[in-house]
Amino acid sequence: MYFDTLTLTAVVEELRATVLDGRIQRVILVGPLAIGLEVYRQGRRHYLLASADAQMARIHLIGQRPTRGVDGETPFLLLLRKYVLGGRIVNIEQPPYERVVVLSITKPTESRKQTLDPDELIADDDTDGDLTVDTDHLLHCDLIVEPQDRRSNIILVDDNNIILDAIKRVSPRMSSRVVLPRRVYELPPPPDKRDPLRASAAEIEYLLSKGEPVKALVNAYRGVSPQVAREVLMRACGAIPQTGQALPAYTIAARLREIFAEPPAPHLVSNEQGPVAFAPYYPSHLAGDGATVTVMPGMSAALEAFYTARQQPLGRDQRRADLLNRLHASREHIERQRDQIAAELARTAELDRLRWEGEMIFAFLHQLPPQAAELVVEGERIALDPKRSPVEQAQERFRTYEKTKSAHTILPKRLAEIEQRLAGIDQFIALASVADDANQIDLIAAEAEEAGYLRSSAIRRPPVRSRPLLIRSSDGLPIYVGRTARQNEEVTFRIARPTDWWLHARNIHGAHVIIRADHPPEQTIYEAAALAAYYSQARDDTAVEVDLCRRRAVRKIPGGPIGLVSYHPERTLRVHPQRCGEVVQKW
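Residues numbered from 1 in each chain as written. Predicted model: local features only at pLDDT ≥ 70, side-chain atom pairs only at ≥ 80, totals over all residues. Heavy atoms only, no water.

Undergrad: How would you summarise the sheet that holds strand β10 (residues 267-271) if you had to cite specific residues and measurements?
TA: A sheet is described by the order of its strands in space; here three strands give the open sequence β11-β10-β12, paired in antiparallel fashion. On the outer flanks of this sheet lie β11 (274-279) and β12 (292-295), each paired with one strand and no other. Going from strand to strand, the sheet's axes swing by 30° on average, the running direction of each strand aside. (Pairing = 2+ DSSP bridges. Helix = DSSP H or I, 4+ residues; strand = E, 2+ residues; numbered from the N terminus. Axes fitted to C-alpha atoms, helices over the stretch in contact; angles between N-to-C directions.)

Undergrad: With reference to specific residues and values, describe the environment of Arg58.
TA: Examined against the element boundaries, Arg58 turns out to sit in strand β4 (residues 58-62). Along the chain, Arg58 and Asp149 lie 91 residues apart, while their C-alpha atoms are 8.8 Å from each other. Every residue in contact with Arg58, bar those within four places of it in the chain, is listed here: Phe3, Leu49, Ala50, Ser51, Pro147, Tyr307 and Gln311. One polar contact links the side chain of Arg58 to the main-chain carbonyl oxygen of Met56, over a distance of 2.8 Å. (Contact = heavy atoms within 4.5 Å. Polar contact = N/O pair within 3.5 Å; in protein donor to acceptor, adjacent residues only side chain to side chain.)

Undergrad: Please set out the pattern of salt bridges residue by residue, giving values where relevant.
TA: Summed over the entire model, instances satisfying the criterion amount to 35 salt bridges. One salt bridge in this structure joins Arg414 and Glu417, with 3.5 Å as the shortest N-O distance. Of this pair, Arg414 and Glu417 both sit in helix α9 (residues 390-433), three residues apart, which is roughly one turn of the helix. Of the charged contacts in the structure, one is a salt bridge between Arg506 and Glu545, with a shortest N-O distance of 3.8 Å. Taken together, the residues Arg506 in the loop between β17 (501-505) and β18 (513-515) and Glu545 in strand β19 (residues 544-550) connect sequence positions 39 residues apart. Given the relative accessible area of 32%, Arg506 is considered partly exposed. Each of Glu231, Arg235, Arg255, Glu258 and Glu262 takes part in a single network of salt bridges with overlapping partners. (Salt bridge = Lys/Arg side-chain N within 4 Å of Asp/Glu carboxyl O. Buried < 20%, exposed > 50% of the residue type's maximum accessible area, 1.4 Å probe, protein only.)

Undergrad: Lay out helix α1 (residues 5-18) in plain terms, naming residues and giving numbers.
TA: A rise of 1.5 Å per residue sets the reference length of α1, with its 14 residues, at 20 Å; its end C-alpha atoms lie 20 Å apart and thus fit the reference within 8%. Where burial is concerned, most of α1 is hidden: 10 out of the 14 residues are buried. Buried within α1 are the following residues: Thr5, Leu6, Thr7, Leu8, Ala10, Val11, Val12, Glu14, Leu15 and Thr18. Measuring from the side-chain oxygen of the N-cap residue of α1 to the backbone nitrogen of Leu6 gives 3.4 Å; that N-cap residue is Asp4. (Expected span 1.5 Å × (residues − 1).)

Undergrad: Tell me what's going on with the layout of surface pockets, and back it up with residues and numbers.
TA: Considered as a void within the structure, the second largest pocket measures approximately 1,100 Å³ in volume. Forming the boundary of the second largest pocket are 40 residues, of which Arg99, Gln148, Asp149, Arg150 and Arg151 lie nearest the centre. Take the lining of the second largest pocket: its biggest share by element is three residues, from helix α7 (residues 299-345). Looking at the lining of the second largest pocket, its residues break down into 19 nonpolar, eight polar and 13 charged. (1 Å grid on protein atoms, 1.4 Å probe; cavity = no way out; pocket = protein on both sides within 12 Å on 5 of 7 lines; lining within 4 Å. Points joined across faces, edges and corners; volume = space filled by probe spheres on them. Nonpolar A, V, L, I, M, F, W, Y, C, P; charged D, E, K, R; others polar.)

Undergrad: So what about the environment of Leu197? Which residues, and what values?
TA: Take Leu197: it is sitting in the loop between β9 (163-166) and α3 (201-208). A relative accessible area of 42% places Leu197 in the partly exposed class. C-alpha of Leu197 to C-alpha of Ala253: the two residues are 56 residues apart in sequence and 8.9 Å apart in space. Leave out the neighbours within four places in its chain, and Leu197 touches Tyr97, Arg257, Phe260 and Ala261.

Undergrad: Could you give me a rundown of the nonpolar core, with the residues and numbers involved?
TA: It is characteristic of soluble globular proteins that their nonpolar side chains tend to be buried jointly. Among the nonpolar cores identified, the biggest contains 47 residues, and Ile35, Ile59, Ile92, Leu143, Ile154 and Leu156 are the most heavily contacted of them. Once residues lying within four places of it in the same chain are set aside, the contact partners of Ile92 are Val12, Leu15, Arg16, Val19, Leu20, Val101, Val102 and Leu103. (Core = buried A, V, L, I, M, F, W, Y, C linked by side-chain atoms within 4.5 Å.)

Undergrad: Give a description of the state of the cysteines that names residues and reports values.
TA: If you walk through the whole model with that rule in mind, you get zero disulfides. Here Cys549 is not disulfide-linked; the sulfur of Cys580 is the nearest cysteine sulfur, at 19 Å. Here Cys549 falls in the buried class, since its relative accessible area comes to 0%. (Disulfide = S-S within 2.5 Å.)

So, in structure tokens, the structure goes:
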């Protein structure tokens, strides 16, 4: 999908109508390559997102307040706080046919008082503020957003056109266009192309004779993306031609001028899987073939709908990877604790040796010469310190023996506790590995923090209502599936009745599954078993063994982690992991 010049022009018009002359009262890093601004203007807050991600480069308004997505503070964020936070957007400019937006910002050197959050100012809802102060006491800067695919960037430039910093620094080795602090900022070099508003029939006819029509328009005119070229050809020819022979050059030129001159009319194209395209005009070349074209209230609304749908799986996978990294690091720490305790227990033989040496020193005390360096008993050598008395050395061995023996009496209990913690964190790792969406991953992370497996994250997301998955089987019976440790406990010990059927993948971590029925049909049992296998560590296996028993045969492990149980299976099924049944309640 192309975030092209026409799309950016439509966004810039919206920005001028909403955030121009507004005060920036919050600035954050939404991601490693994205920033979020909260702008207050005429009694309303507006939220602006800008991203320099190669796959999702864009700038537009969003409907909800952006949340911080990066731990810590980067040099770029610190400079944004200094030059942008508390400033007013006094101009918004887009160079002709360029994918560049320049936000000019003016800020008093003494800005409003900050809140406890360094990214935010105390909001003043009664006024938009006043910048009628001495110009000698103002900071001027430009925040430049360049949504240009892999060359995308967000750059902060001072009043002398010197780069303060960029979200992506570009060295001379990386590109001839260097973007580094203390360098002079230069716009991307303009391509040697024609002005589409001056397109003529003769010009079009000559270009089309050189090759494929879409490529010819893209290579010849500024601001023309492949999508714009296809739309122009569709409007002029009724279809997208593959060759440039016998095409209406006059009509193509007119449609090209028209698409750049007409006011923005944002549309969103969707199919059964969700949004697939956006455009600041009616995209006739994308209509049909099961696609739905929807008129949107603004270009930003279309962009937000499109990119939100695109980011959901990316956000889920990234959160899962981050959580699994944290869980595995915590598990390694617990494993080291277990290994240390096991090593201490393995020293039992050494304890017996200490006691034996003390006894032998006392037994042969009368035979030891003064300042003896060793005692040999039955071929065993006992090292002695010539500078200390044998009695003192024997007593020291007995004290060490008694002290270590006392510690060893609690080590087996401590080792059992550590083993339970390992089983608990393995459960969280398994559940995170098969989590279906970002909300579920956040729930697992919150439970792991509450259980003490993880330190609390600096990124705070709003709590999500946690309910087990409720599915109706093909026989119409309810099946409950726990997808977090707490949901597993709720399914087994709160929702289920003693006579209900309980299922779990055999000898591996995964979901607790309940069939709310005393005598379910075999088809429902098979479907519940398939769900238990699907929501387990063995999801990718061809066949998985699943244990089945009455809920009354399931017991909590005394003092064990939440969600871990013991049970006595009545039978074991072998099933293929899969989703089945009708989802009734997801959250």
